[in-house]
Amino acid sequence: MKSTTRKQLKTDKFAEDIGLTLGFLGEHRAETIRYGLIALAVIVLGVGYIVYSRHEASVREEALSQAMRIDQAIIAPNPTPTNLNFLTQAEKDKARTQAFADLATKYHGTAEGAFGGIFIGAEKADHGDLPAAEKIYKDVMDSAPTEYSALARLSLAHIYASEGKPADGEKLLRYLMDHPTGLVSKEQATLELADVLSKTNCTEALKLIEPLKVSRTSVSKVALNEASRISSTCKA
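Residues numbered from 1 in each chain as written. Predicted model: local features only at pLDDT ≥ 70, side-chain atom pairs only at ≥ 80, totals over all residues. Heavy atoms only, no water.

A.B. asks: Account for the overall build of the protein chain, with residues named and values stated.
C.D. replies: For the protein chain, the helix and strand inventory stands at eleven helices and two strands. Helices and strands in the protein chain line up, N terminus first, as α-α-α-β-β-α-α-α-α-α-α-α-α. Across the 236 residues in the protein chain, those meeting the buried criterion constitute 46%. If you take every contact in the protein chain between residues at least 6 apart in sequence, the share linking residues at least 24 apart comes to 51%. Split by element, the accessible area of the protein chain, about 12,400 Å² in all, is 55% carbon and sulfur. (Helix = DSSP H or I, 4+ residues; strand = E, 2+ residues; numbered from the N terminus. Buried < 20%, exposed > 50% of the residue type's maximum accessible area, 1.4 Å probe, protein only. Contact = heavy atoms within 4.5 Å. Areas by Shrake-Rupley, 256 points an atom, 1.4 Å probe, with all protein chains shown as cover.)

So this is what it looks like as structure tokens:
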């Protein structure tokens, strides 16, 4: 097998695993999205998941790389030779927010701009500002390249669910089921829809998950766990 083919297979599997991770790592969805974006940035900057024009993309790539360095900076009183550091968490948070907001604004409509928008949207949601998060995700969904538009659509669906608008979230997730991408598979959209439906229609939620329980390993494990969770919730 050619090395490029092996790399693409690894990349596709990594993207699939990230997709599942984004949806089902726990209660702190906004934080989970942030760490999923870090992994996606590694793909963009290191593996070449997206085809770039090197001349046009170099500035955007550097801006994304700098934002990621800030995100992974340490809190320490003295500078270190290998890590970016801040004196306080508040200083780091301010710099990180500014870096990703700049990405979203300066490179709107690009992959890097979408990274920035989704990150800021997750941050807004994490602080309870759901209307602001909704606005940001809608913008990314309408303007970003297809892969990142799908991630924004997925995030927006959960904002709608949190706002008590499950029907709006269901519509977005059914769209993703019909239009899967490399970063949001049909299986993931199905699992996410089951999660939303479990609040109002347990029977339908479990029916959606049933075929996935015998799917490939990475999906079936999540499907089995989600089915168990929904069944327990419905019986409570």
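Okay, back to it.
A.B. asks: An account of helix H6 (residues 130–143) is needed here, citing residue identities and associated values.
C.D. replies: In this model, H6 (14 residues) spans 20 Å end to end at C-alpha, consistent with the 20 Å of a helix rising 1.5 Å per residue. Where H6 is concerned, the buried positions are Leu 130, Ala 133, Glu 134, Tyr 137, Val 140 and Met 141. With its buried residues spanning 135 degrees around the axis, H6 presents them on a single face. In H6, the exposed positions angled more than 90 degrees off the buried face are occupied by Pro 131, Lys 135 and Asp 142. (Expected span 1.5 Å × (residues − 1). Arc of directions from axis to C-beta.)

A.B. asks: Pulling in residues and values, what's your account of the packing of helix H9 (residues 186–197) against helix H10 (residues 202–209)?
C.D. replies: Relative to each other, H9 and H10 sit at 165 degrees, their axes nearing to 8 Å. Between H9 and H10, the angle is such that the two are roughly antiparallel. Crossing handedness for the pair H9 and H10: left-handed. Listed contacts from H10 to Thr 190, Leu 191, Leu 193, Ala 194 and Leu 197 of H9 are Cys 202, Glu 204, Ala 205, Leu 208 and Ile 209. When grouped by side-chain class, the residues that make up the contact of H9 with H10 number eight nonpolar, one polar and one charged. (Axes fitted to C-alpha atoms, helices over the stretch in contact; angles between N-to-C directions. Parallel < 35°, antiparallel > 145°, perpendicular 65-115°, else oblique. Left-handed = near helix turned anticlockwise from the far one by under 90°. Nonpolar A, V, L, I, M, F, W, Y, C, P; charged D, E, K, R; others polar.)

A.B. asks: Explain the packing of aromatic side chains residue by residue, including any values.
C.D. replies: All chains considered together, the criterion is met by two aromatic pairs. Geometry around Tyr 175 places Arg 153 over its ring, the cationic atom sitting 4.0 Å from the centre. (Phe/Tyr/Trp six-rings, centres within 6.5 Å; stacked < 30°, edge-to-face > 60°. Lys NZ or Arg CZ within 6 Å of the ring centre and 35° of its normal.)

A.B. asks: Mind laying out the side chain of Thr 181, listing which residues take part and the relevant values?
C.D. replies: For Thr 181, the location among the structural elements is in the loop between helix H8 (166–178) and H9. By relative accessible area, Thr 181 is classed as buried at 16%. At a separation of 3.1 Å, a polar atom in the side chain of Thr 181 contacts the side chain of Glu 147. (Polar contact = N/O pair within 3.5 Å; in protein donor to acceptor, adjacent residues only side chain to side chain.)

A.B. asks: Describe in detail the packing of helix H4 (residues 89–106) against helix H5 (residues 111–126), supporting the description with residues and values.
C.D. replies: Closest axis-to-axis distance for the H4/H5 pair is 6 Å, and the angle between their directions is 135 degrees. Comparing the axis directions of H4 and H5 gives the class oblique. The interaxial crossing formed by H4 with H5 has left-handed handedness. Residue-level contacts link Arg 96, Thr 97, Phe 100, Ala 101, Leu 103 and Ala 104 of H4 to Glu 112, Gly 113, Phe 115, Gly 116, Gly 117, Phe 119, Ile 120 and Glu 123 of H5. A per-class count over the contact of H4 with H5 returns seven nonpolar, four polar and three charged.

A.B. asks: Before we move on, can you summarise the pattern of salt bridges with the specific residues and values?
C.D. replies: Within this structure, the stated rule accounts for 13 salt bridges. A salt bridge links Arg 96 to Asp 71; its shortest N-O distance comes to 3.4 Å. Pair noted here: Arg 96 is in helix H4 and Asp 71 is in helix H3 (residues 54–71), with a separation of 25 residues, a long-range link. Overall, the relative accessible area of 11% leaves Arg 96 in the buried class. Via salt bridges that share partners, Glu 134, Lys 138, Glu 163 and Lys 165 belong to a single interconnected network. (Salt bridge = Lys/Arg side-chain N within 4 Å of Asp/Glu carboxyl O.)

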